[in-house]
Amino acid sequence: MKKYKRAITYGTFDLFHVGHLRLLKRVAALADELYVAVSSDEFNSIKGKTCVIPFAERAEIIESLACVTKVIREDNWDQKINDVKENHCDLFVMGDDWTGKFDFLKDYCDVIYLPRTPGVSTTDIKKILKK
Ligand code: C2G
């Protein structure tokens, strides 16, 4: 039994890298189950992100991870409260580039922001690929 029953986290997870992996593993260490909401391609364009890898493949990678219990789609900014309630999550976690942005969820579950893994990002990988 871990401190939480079911954690949820959100992300694009494009060009999956060790920063994403370490975040998911650290969340999984806090809860018996980990649900991950993967941003759809349509939502990414709303976020102003163009994905290299399409949603279906990003979701397939995330759901194949041993530390991930279930993948759901993220289609908009406003689904988090419903996701937390519908999935009975008692923990919401994001990297600390989002610190404070989702504190409204504290009415429904615990909210934790974890330090990002320095030195790696999808943006940097894209720059290297462009060279
Ligand atoms: N991350 C990390 N270390 C990195 C890069 C990313 O810990 N070096 C974390 C981010 O903080 C985030 C998660 O990995 O918690 C996914 O990162 P992105 O795919 O960039 O997700 P983002 O675009 O921030 O989407 O509604 C919330 C959004 O969907 C979050």
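Predicted model, so just to flag it, every value in this text is computed and none were measured.

Peer 1: How would you summarise the overall build of the protein if you had to cite specific residues and measurements?
Peer 2: Assigned secondary structure in the protein consists of five helices and five strands. Element order for the protein, N to C, with α for helix and β for strand: β-α-β-α-α-β-α-β-β-α. Against the globule reference of 14 Å for 131 residues, the protein gives a C-alpha radius of gyration of 14 Å, in line with a compact fold. Dimensions along the principal axes, computed over C-alpha positions, put the protein at roughly 45 × 30 × 25 Å. By residue count, 44% of the 131 residues in the protein fall in the buried class. Of the roughly 7300 Å² that the protein leaves accessible, carbon and sulfur atoms contribute 55%. Charge-centre separation for the protein: the mean point of 21 positive side chains lies 6 Å from the mean point of 20 negative side chains.

Peer 1: Residue-level account of the sheet that holds strand S2 (residues 31–39), with values.
Peer 2: The five strands are arranged S3-S2-S1-S4-S5 in an open sheet whose pairing can be described as parallel. The sheet terminates laterally at strand S3 (70–74) and strand S5 (110–114), the two strands that pair on one side only. Neighbouring strand axes in the sheet, compared pairwise and without regard to direction, differ in orientation by 25° on average. By the bridge criterion, five bridges tie S2 to S3 in an arrangement that is parallel. If you follow alanine 37 over to S3, its bridge partner there is isoleucine 72. Sitting on the sheet, helix H1 (residues 18–28) is in contact with strand S1 (4–11), S2, strand S4 (91–95) and S5, with an inclination near 145° to S2. In the packing of helix H3 (residues 55–63) onto the sheet, the strands contacted are S2 and S3, and the crossing angle to S2 comes to about 170°.

Peer 1: Explain the site of the ligand residue by residue, including any values.
Peer 2: Taken together, 21 residues sit near the ligand, with Lys49, Glu74, Lys80, Asp97 and Val120 positioned nearest. Within the side chain of serine 39, one N or O atom sits 3.3 Å away from an oxygen atom of the ligand. Here an oxygen atom of the ligand sits 2.9 Å away from a polar atom, N or O, in the main chain of glycine 95. In the complex, 95% of the free accessible area of the ligand, which totals 640 Å², lies under the protein chains.

Peer 1: Give a description of the pairing of S1 that names residues and reports values.
Peer 2: Counting buried residues along S1, seven of its eight residues qualify, which places the element largely inside the surrounding structure. Crossover S1 to S2 through H1 is right-handed.

Basis of the calculations
- Residues numbered from 1 in each chain as written.
- Predicted model: local features only at pLDDT ≥ 70, side-chain atom pairs only at ≥ 80, totals over all residues.
- Heavy atoms only, no water.
- Helix = DSSP H or I, 4+ residues; strand = E, 2+ residues; numbered from the N terminus.
- Rg over C-alpha atoms; globule rule 2.2 N^0.38 Å.
- Buried < 20%, exposed > 50% of the residue type's maximum accessible area, 1.4 Å probe, protein only.
- Areas by Shrake-Rupley, 256 points an atom, 1.4 Å probe, with all protein chains shown as cover.
- Lys, Arg positive; Asp, Glu negative; His and termini not counted.
- Charge placed at Lys NZ, Arg CZ, Asp CG, Glu CD.
- Pairing = 2+ DSSP bridges.
- Axes fitted to C-alpha atoms, helices over the stretch in contact; angles between N-to-C directions.
- Contact = heavy atoms within 4.5 Å.
- Near = heavy atom within 4 Å.
- Polar contact = N/O pair within 3.5 Å; in protein donor to acceptor, adjacent residues only side chain to side chain.
- Right-handed = clockwise from strand over helix to strand, strands pointing away.

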